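Each chain, written out:
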Amino acid sequence: MSKWYPPEGGLLQTPENRAAVTSLAALRRCQAAETVLEGRAVLCTPTHDLVVQLGSFTGTIPRQEAALGIREGTVREIAILSRVGKPVACTVMETEGGLLLSRRRAQELALETLLDLPLGTVLPAVVTHLEGFGAFVDVGCGVTSMIGIENCSVSRIAHPNRRFALGQEIWAVITGRDRALGRLYLSHKELLGTWAENVSFFAPGMTVAGWVRGVKPYGTFVELAPNLTGLADQTEGLVEDDRVSVYIKAIQPARRKIKLSILEHLAAPTQPEPFSYFITSGQLTNWDYGAAVSRPL
């Protein structure tokens, strides 16, 4: 990227951001350059203007400048109300007679850059909202995109909250874009490794913890890693999303099969486990789950 537009919160404590809000002269330089800054929203007024603490300065983001889509009526007011107490990206609109800021312009700048990135580019993202059909993530300055549930991992899950937590920092890969609608399309599973990469951490004779991801008449599917699932004999009393310990009976690389035996039910952790990413940068093309390794360009 020619300019870096991280998810909101990524600039707040950087030396560059702190230096840019130390004086009125510095803010005016940022205004001239359309530099994206970050402050913290401390209040939302009855008219839905955001009051932002920007270093030692207090600025205002007028309602129509609070988010892309507010002016057009395509984004709900909750996009403004939910920012109180959180970092907000913004540019400086005015310094005379009060400090006026625009989150909308910061998002426009970020989106312009994001839409120009090649397909396959790996991006940092932050989970902002979870629905049954997918996870919404901030990919820069509060610009959101969605990772469909089918693209969260190779292992199937009933809901994205089985894989992600709100506020979680993750990586995603751009799989498509629609310039007319200003949308990016993302995936996540390609960054979590191939079957061979994941299975290299396991061996027959090991006992490990896993998640029940499917209960069928012929057996129980247990996830050992987000991109790796094995099959155990049917065990009574288990349901999807149970946490279990399993004994690895056999690994069959030629068939990409893992045979398991379920030992006991375990207490589930309260938060999703951290990911072990195989790719966190560069550009990805032609990903093949059956390949030996994942390869960025």
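Residues numbered from 1 in each chain as written. Predicted model: local features only at pLDDT ≥ 70, side-chain atom pairs only at ≥ 80, totals over all residues. Heavy atoms only, no water.

A. Region of interest: the pattern of salt bridges. Counted according to the given criterion, the structure contains 17 salt bridges. A salt bridge links Arg213 to Asp241, with the nearest nitrogen and oxygen atoms 2.7 Å apart. Taken together, the residues span a long stretch of sequence, with Arg213 in strand β11 (residues 207-216) and Asp241 in the loop between β13 (228-232) and β14 (243-252) at a distance of 28 residues. Across this residue pair, the class does not change: Arg213 and Asp241 are buried. For Asp233, the salt bridge goes to Lys249, with nearest N and O atoms at 3.9 Å. Taken together, the residues Asp233 in the loop between β13 and β14 and Lys249 in strand β14 connect sequence positions 16 residues apart. Its relative accessible area of 54% is what places Asp233 among the exposed residues. Taken together, the salt bridges that share partners define one network made up of Glu34, Glu72, Arg104, Arg105, Glu108 and Glu112. (Salt bridge = Lys/Arg side-chain N within 4 Å of Asp/Glu carboxyl O. Helix = DSSP H or I, 4+ residues; strand = E, 2+ residues; numbered from the N terminus. Buried < 20%, exposed > 50% of the residue type's maximum accessible area, 1.4 Å probe, protein only.)

B. Expanded view of the sheet that holds strand β9 (residues 169-178). Pairing is mixed around the closed barrel formed by five strands, whose spatial order is β6-β7-β8-β10-β9. For this sheet, the mean angle separating the axes of adjacent strands, direction not counted, is 50 degrees. Here strand β7 (residues 134-140) runs beside strand β8 (residues 143-148); their pairing, made up of six bridges, is antiparallel. In the strand pairing of β8, Ala135 is matched with Ile147. Docked against the sheet, helix α4 (residues 103-115) engages β6 (122-131), β7, β8, β9 and β10 (183-187), running at close to 45 degrees with respect to β8. (Pairing = 2+ DSSP bridges. Axes fitted to C-alpha atoms, helices over the stretch in contact; angles between N-to-C directions. Contact = heavy atoms within 4.5 Å.)

C. View of the environment of Arg295. Take Arg295: it is sitting in the segment after β15 (257-266). On the basis of relative accessibility, which here comes to 62%, the residue Arg295 falls in the exposed class. Considering only alpha carbons, one finds Arg295 and Gln283, 12 residues apart in sequence, at a separation of 8.8 Å. Setting aside its immediate chain neighbours within four residues, Arg295 contacts Ile279 and Leu284.

D. View of unusual backbone geometry. Even without being glycine, His48 reaches a positive phi, approximately 70 degrees. Note that His48 resides in the loop between β1 (37-44) and β2 (50-54). Even without being a glycine, Asp241 presents a positive backbone phi close to 80 degrees. Exposure remark for Asp241: the relative accessible area of 17% places this residue in the buried category.

E. Summary view of the sheet that holds β15. Strands sit in the order β11-β12-β13-β15-β14 around a closed barrel of five strands; the barrel is mixed. Strand after strand, the sheet turns through a mean of 50 degrees between neighbouring axes, direction not considered. Note: strand β12 (residues 219-225) against β13, five bridges, orientation antiparallel. Residue Phe221 lies in a different strand from β13, and its bridge partner there is Leu231.

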